[in-house]
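Summary of the model geometry
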Amino acid sequence: MKEIVLSGIRATGNLHLGNYYGALNKFVKMQEDYDSLFFIADLHALTTHPDPKTLHTNVKNILAEYLAAGVDPEKATIFVQSDVPEISELYLLLNMHVGIGELMRTASFKDKARKQLGIKSDNDENIEKEIIGTDSNKRVNAGLLTYPTLMAVDILIQKAHKVPVGKDQEQHLELTRRFARRFNSYYGVDLFPEPENFNFGGNAVKVPGLDGSGKMGKSEGNCIYLIDEEKVLRKKVMRAVTDEGPQAPNSPISAPIQNLFTLMELTSAPEVVQQFKDAYADCSIRYGDLKKQLAEDILKVTLPIRQRILDIQNDDEYLARVVRQGAERARERAAKTLSEVREIMGIKKFY
Ligand code: TRP
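Residues numbered from 1 in each chain as written. Predicted model: local features only at pLDDT ≥ 70, side-chain atom pairs only at ≥ 80, totals over all residues. Heavy atoms only, no water.

1. Observations regarding the overall build of the chain
A count of helices and strands for the chain gives 15 helices and five strands. In terms of C-alpha radius of gyration, the chain reaches 23 Å, essentially the compact-globule figure of 20 Å for 351 residues. C-alpha atoms of the chain, sized along the principal axes, occupy 80 × 50 × 40 Å. Relative to its full complement of 351 residues, the chain shows a buried share of 48%. Accessible surface for the chain amounts to roughly 17,800 Å². Of this, 51% is attributable to carbon and sulfur atoms. On the chain, the mean spot of the 47 positive side-chain charges and the mean spot of the 49 negative ones are 2 Å from each other. (Helix = DSSP H or I, 4+ residues; strand = E, 2+ residues; numbered from the N terminus. Rg over C-alpha atoms; globule rule 2.2 N^0.38 Å. Buried < 20%, exposed > 50% of the residue type's maximum accessible area, 1.4 Å probe, protein only. Areas by Shrake-Rupley, 256 points an atom, 1.4 Å probe, with all protein chains shown as cover. Lys, Arg positive; Asp, Glu negative; His and termini not counted. Charge placed at Lys NZ, Arg CZ, Asp CG, Glu CD.)

2. Remarks on the domain arrangement of the chain
In terms of domains, the chain is made up of domain 1 (4–98 + 146–205 + 316–345) and domain 2 (228–310). Put simply, the middle of domain 1 and the middle of domain 2, counted by C-alpha atoms, are 34 Å apart. Contact with domain 1, which involves eight residues of that partner, is made by nine residues of domain 2. Counting each side, the surface lost to burial between domain 1 and domain 2 is near 710 Å², with a carbon and sulfur contribution of 79%. Taken together, the connections running from domain 1 to domain 2 amount to two residue pairs in polar contact (both at pLDDT 80 or more). Only α1 (17–33) and α3 (52–69) provide two or more residues apiece to the side of domain 1 that touches domain 2. Among the elements that make up the side of domain 1 that touches domain 2, the one with the highest residue count is α3 (four residues). Its residues placed into classes, the side of domain 1 that touches domain 2 shows seven nonpolar, no polar and one charged. (Domains from an automatic or database assignment. Contact = heavy atoms within 4.5 Å. Buried area = accessible area lost by both parts, 1.4 Å probe. Polar contact = N/O pair within 3.5 Å; in protein donor to acceptor, adjacent residues only side chain to side chain. Nonpolar A, V, L, I, M, F, W, Y, C, P; charged D, E, K, R; others polar.)

3. Quick notes on the pairing of strand β3 (residues 77–80)
The alternating pattern of β3 places Thr77 and Phe79 on one face and Ile78 and Val80 on the opposite face, and all of these are buried. Across four bridges, strand β2 (residues 35–41) lies against β3 in parallel orientation. The partner of leucine 37 across the bridge, within β3, is threonine 77. (Pairing = 2+ DSSP bridges.)

4. Thoughts on the site of the ligand
The environment of the ligand is made up of 13 residues, and the closest members are His44, Tyr147, Met151, Asp154 and Gln169. The separation between a nitrogen atom of the ligand and a polar side-chain atom of aspartate 154 is 2.7 Å. In the environment of the ligand, a nitrogen atom lies 2.9 Å from a nitrogen or oxygen atom belonging to the side chain of glutamine 169. Those elements that place two or more of their residues in the shell around the ligand are β1 (4–10) and α9 (147–156). Taken together, the residues of the shell around the ligand sort by class into seven nonpolar, four polar and two charged. (Near = heavy atom within 4 Å.)

Encoded structure:
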């Protein structure tokens with residue numbers, strides 16, 4: 001039997017080059033060798049109160065982006081989280097075994113709670129006081145607190161072995177393992193496998209943004225989206241942060257320039273990258289040329305995907321077929337796990 005791989009992306013906004021190289025690209029490879037499930041986490045998106053008018057559009061966009069990037073509904077199970085109501089029920093049941101304290105200590109919770117409360121300092125004591133305090137205009141919703149339970153359920157309900165996620169999700173995965181172990185040992189069963197992160201050969205790609213600082217990220221405003229139009233994409237790349245240029249031969253490369261080289265290594269031919277590195281070393285480099293080349297090579301990756309996204313987005317019938325089939329498959333296993341859990345916990349029917 002093939003090992004089960006599962007991963008999800010939260011339905012907030014469009015997917016960018018970071019998602020492509022960090023996630024989608026891997027999904028496409030994994031679907032060949034694993035029993036793969038990839039889903040769109042729309043319930044998780046609710047924790048940060050999306051506009052109800054745009055939530056469904058976001059789900060649809062990400063679905064089209066999965067498919068356009070090559071995730072194949074014949075090879076992988078592609079589904080929408082809210083189409084599997086068993087997840088919501090198991091979420092309630094698993095929460096009975098999850099501590100408020102361990103959830104409150106999760107890094108992502110503290111970050112988001114801090115943002116929702118408008119706390120600038122990173123003094124944890126303040127957060128706890130504010131959360132328990134009485135000012136009802138400033139509240140941190142309980143869904144945000146129990147975000148890791150919901151994520152654990154996504155994984156455990158499918159009994160997944162491997163979960164490809166970025167560094168920022170590792171703590172959530174650690175909690176998932178802990179909850180699995182706790183459930184198994186509390187009831188003396190061997191129901192849930194402990195899932196592990198999945199790294200291709202151990203080299204996690206970190207796709208940098210265009211603003212000279214760190215990682216490409218939705219909330220950083222430094223993204224190249226798969227759906228970006230040609231003109232928009234060129235403009236973004238031409239505006240990327242640089243420095244004043246190498247002042248002497250073989251100077252060390254500054255962070256913003258290294259970012260551009262990293263993007264180039266992902267999208268350009270190795271000779272092209274080498275040519276610009278040589279030009280940097282002998283100070284003949286012109287950043288304008290570097291960026292033009294980079295934009296060109298990124299477009300070679302994104303434009304065909306963009307075209308497919310647009311085609312697929314217009315094919316409502318196809319999208320409906322994909323998610324209906326995905327939901328059926330995902331629900332089949334989810335229902336089985338849920339009935340096992342109900343039985344184990346002593347929930348029985350009279351009729
Ligand atoms: N929390 C993940 C993120 O923000 C998304 C997610 C939800 C997920 N459920 C999951 C990822 C289960 C992997 C497995 O990126």
